[in-house]
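A look at the structure
So you can see what is in the structure, the chains are spelled out below.
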Amino acid sequence: MEYDERLALFRQTRLNPFDRGEEEDGPQEGKTPPQHESRPELFPGTRNHSSDRTMDLGLAEDHFSRPVDSFVASDIEQLKLAIEECKKLILELPEHSERQKDTVVKLIHLRLKLQELKDPEEDEPNLRVLLEHRFSKEKSKSVKQTCDKCSTIIWGLIQTWYTCTGCYYRCHSKCMNLITKPCVRSKVSHQSEYELSICPEIGLDRQDYRCSECRTPISLRGVPSEARQCDYTGQYYCSTCHWNDTAIVPARVIHNWEFEPRKVCRSSLRYLALMMSRPVLRLKEINPLLFNFVEELVEIRKLRQDILLMKPYFITCKEAMEARLLLQLQDRQHFVENDDMYSLQDLIDISSGRLSCSLTEIHTTFAKHIKLDCERCQAKGFVCELCKEGDILFPFDSHTSVCSDCSAVFHRDCYYDNSTTCPRCARMTERKQDPESDVQG
């Protein structure tokens, strides 16, 4: 039997899945039997010499055309019926067969089409402001994202979505009016400090068995929703507000020097990400004993102290200003302002060894400019007034000591423990006293 004859026989014997009940009862008297018209193929244009690729799902319209104007409920109902027929056919077809693969692809397209009918594209503004969020309309169509409001996938090809330029909160256009969480960046701007207690749990009963953020009922048993604890805040959240994301918790770093990521809620994840490079940790006040156990911290502190001593040379040196040497620390601007403030990113880089390598290299470049390359900076060096021997000294040299009163520089062995009187301070004291004695005389 030729292919066309088999196909004609198949179409004659194929039952319409929506008229199957009438066919089983047979034609009634006085009524004309229904005429079975041929329906479009599942994949037009893909027919070959094998009848296995021919599938009929009872779809009488083109579900891949662009939607025009508005849709009625029947369009959505027809798509739902077609999707159900696809599911049944997939289960009936041989596993891993070509027909089953084609049907799966068809099912995907039908679901995308259904989603498009439920969420038609509209002319949305490029910028929207809501609860201190500054939402910018995204143009990317291929990047897979998840809506932070409804926790479902954002289909960029057929759905409009926005991203907050401040905290990177992502959501569908249809979910924007349902947002109740304010922008985390506003919290960073108004309250730039960490929770420094390790997982400060208050108990689920103190939260009235509700999510700390959206107040959804939760329980440890997962009914009606699973209670998930945030290691940063210590509070419990529902699965919509807590996606089991992980982040390094500052309190564990400062108190235990522990950098293992812990599970945190979505708002804590964004807050920690925005606070990552902010220098808000004064270690010598929070945990001064940390310097006794972490040698890398002592090394970094010495390098930072030296850089602060080099700074006056650079801001008065024309060549250094033209070369913009201090801009080598533009990513860590606080290093040229103080030596005791750290960001969480600083501590992470200290633990990994990256900061020590980069800061040592910058320290070497700065010292080379002052001591070798620039004559103006060399002229600002010191000679030890106690022994009057040796090379020119600079306050950042490892073998020197600096007077805390007048900033004069001496050999460390000559000015040990500041027990020796500083000659420069003595001269300055005499100059102040001489005018007084002349007035008395």
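Just so you know, these numbers come straight off a predicted model, no measurement behind them.

Residue position: Gln145 is located in strand 3 (residues 145–146). Owing to a relative accessible area of 17%, Gln145 belongs among the buried residues under this scheme. A polar atom in the side chain of Gln145 sits 3.4 Å from the side chain of Arg170. Those residues within four positions of Gln145 in sequence are excluded, and the remaining contacts are Thr152, Ile153, Ile154, Trp161 and Arg170.

Moving on, we get to the pattern of salt bridges. It is possible for side chains of opposite charge to pair when their charged atoms get near one another. In this structure the tally under the stated criterion is 20 salt bridges. The closest approach of N and O atoms between Arg270 and Asp148, which form a salt bridge, is 2.9 Å. Here Arg270, found in helix 7 (residues 266–275), pairs with Asp148, found in the loop between strand 3 and strand 4 (153–154); they are 122 residues apart in sequence, far enough to count as distant. The two residues Arg270 and Asp148 agree in class, both being buried.

This part covers helix 13 (residues 354–373). Along its 20 residues, helix 13 runs 27 Å from first to last C-alpha, staying within 8% of the 28 Å computed at 1.5 Å per residue. Among the residues making up helix 13, those that are buried are Leu355, Ser356, Leu359, Ile362, His363, Phe366, Ala367, His369 and Ile370. In the core, the buried residues of helix 13 are packed alongside helix 10 (295–315), helix 11 (318–323), helix 12 (344–352) and helix 14 (375–378).

Before going further, it helps to examine the layout of surface pockets. Counted as a void, the largest pocket has a volume near 340 Å³. In terms of residues, the lining of the largest pocket owes the most to one element, helix 7, which gives four residues. Tallied by class, residues from the lining of the largest pocket come to eight nonpolar, seven polar and four charged. When residues of the lining of the largest pocket are sorted by domain, at least three fall in each of domain 2 (127–184) and domain 3 (192–276).

Let's shift gears to the nonpolar core. By size, the foremost hydrophobic cluster in this structure holds 72 residues, and its most contacted members are Leu283, Leu297 and Leu347. The element best represented in this core is helix 10, accounting for seven residues. Once residues lying within four places of it in the same chain are set aside, the contact partners of Leu283 are Ile254, Pro288, Leu290, Phe291, Leu297, Asp340, Tyr342 and Leu347. In this structure, Cys406, Phe410, Tyr415 and Cys425 belong to the second largest nonpolar core, which totals 10 residues.

This part takes up the pairing of strand 1 (residues 127–130). Strand residues, when the strand is regular, have side chains that alternate between the two faces of the sheet. Bridge count between strand 1 and strand 2 (residues 133–137): four bridges; the pairing is antiparallel. Note on strand 2: the bridge partner recorded for Leu130 is His133.

On to the sheet that holds strand 5 (residues 161–164). Strands in a sheet are paired, the pairing made by backbone hydrogen bonds, and the direction either parallel or antiparallel. The strand order across the open sheet formed by four strands is 1-2-5-6, and the pairing between neighbours is antiparallel. Looking at the sheet topology across the chains shown, the edges are occupied by strand 1 and strand 6 (170–172). Between one strand and the next, the sheet's axes are offset by a mean angle of 30 degrees, whatever the strand orientation. As defined by bridge partners, strand 5 adjoins strand 6 across three bridges and the pair is classed as antiparallel.

Moving on to the packing of helix 10 against helix 13. Contact pair helix 10 / helix 13: the axes reach a minimum separation of 10 Å and the direction vectors enclose 30 degrees. By the angle class used here, helix 10 and helix 13 are roughly parallel. The chirality of how helix 10 crosses helix 13 is left-handed. The segment helix 10 lies against helix 13, with Glu299, Ile300, Leu303, Arg304, Asp306, Ile307, Met310, Tyr313 and Phe314 engaging Leu355, Ser356, Leu359, Thr360, His363, Phe366, Ala367, His369 and Ile370. Here the residues of the contact of helix 10 with helix 13 are counted per class, giving 11 nonpolar, four polar and three charged.

This next bit is on the packing of aromatic side chains. What the rule picks out here adds up to seven aromatic pairs. Taking the centre distance of 6.3 Å and the plane angle of 80 degrees together, the rings of Tyr313 and Phe396 count as edge-to-face. Of this pair, Tyr313 sits in helix 10 while Phe396 sits in the loop between helix 14 and strand 13 (400–402), and the two are 83 residues apart along the sequence. Since its relative accessible area comes to 7%, Tyr313 is described here as buried. An aromatic cluster is defined as three or more aromatic residues linked by ring pairs; in this entry it consists of Tyr313, Phe394 and Phe396. Across the ring face of Tyr162, the terminal group of Arg128 is positioned such that the distance to the ring centre comes to 5.9 Å. The ring of Tyr342 is capped by Arg304, whose NZ or CZ atom sits 4.7 Å from the centre of that ring.

Inspection of the secondary structure puts Ser151 in the loop between strand 3 and strand 4. The exposure class of Ser151 is partly exposed, given its relative accessible area of 31%. It is 8.8 Å that separates the C-alpha atoms of Ser151 and Cys171, two residues lying 20 residues apart in sequence. Contacts of Ser151, omitting those with residues within four sequence positions, involve Thr146, Thr240 and Trp243.

Before going further, it helps to examine the environment of Gln207. Here Gln207 shows up in the loop between helix 5 (184–190) and strand 7 (228–229). Sequence separation between Gln207 and Gln235 is 28 residues; the distance between their C-alpha atoms is 8.2 Å. Other than its neighbours up to four places away in sequence, Gln207 contacts Ile202, Ser212, Arg215, Gln235 and Tyr236. Within the structure, the side chain of Gln207 is placed 3.0 Å from the backbone oxygen of Arg210, a separation counted as a polar contact.

What follows concerns the confidence of the model for the protein chain. Summing up the model confidence of the protein chain, the mean pLDDT is 78 and the portion of residues at 70 or higher is 77%. When pLDDT is averaged over each helix and strand of the protein chain, the minimum, 42, is found for helix 2 (residues 20–25) and the maximum, 96, for strand 10 (residues 262–264). Note that pLDDT drops below 50 for residues 6–72; the model gives that stretch 72 contacts with residues more than four away or on any other chain. Taken as a whole, residues 437–441 scores under 50 in pLDDT and shows zero contacts with residues more than four places along the chain or in a different chain.

What counts and what doesn't
Residues numbered from 1 in each chain as written. Predicted model: local features only at pLDDT ≥ 70, side-chain atom pairs only at ≥ 80, totals over all residues. Heavy atoms only, no water. Helix = DSSP H or I, 4+ residues; strand = E, 2+ residues; numbered from the N terminus. Buried < 20%, exposed > 50% of the residue type's maximum accessible area, 1.4 Å probe, protein only. Polar contact = N/O pair within 3.5 Å; in protein donor to acceptor, adjacent residues only side chain to side chain. Contact = heavy atoms within 4.5 Å. Salt bridge = Lys/Arg side-chain N within 4 Å of Asp/Glu carboxyl O. Expected span 1.5 Å × (residues − 1). 1 Å grid on protein atoms, 1.4 Å probe; cavity = no way out; pocket = protein on both sides within 12 Å on 5 of 7 lines; lining within 4 Å. Points joined across faces, edges and corners; volume = space filled by probe spheres on them. Nonpolar A, V, L, I, M, F, W, Y, C, P; charged D, E, K, R; others polar. Domains from an automatic or database assignment. Core = buried A, V, L, I, M, F, W, Y, C linked by side-chain atoms within 4.5 Å. Pairing = 2+ DSSP bridges. Axes fitted to C-alpha atoms, helices over the stretch in contact; angles between N-to-C directions. Parallel < 35°, antiparallel > 145°, perpendicular 65-115°, else oblique. Left-handed = near helix turned anticlockwise from the far one by under 90°. Phe/Tyr/Trp six-rings, centres within 6.5 Å; stacked < 30°, edge-to-face > 60°. Lys NZ or Arg CZ within 6 Å of the ring centre and 35° of its normal. pLDDT = per-residue confidence, 0-100.

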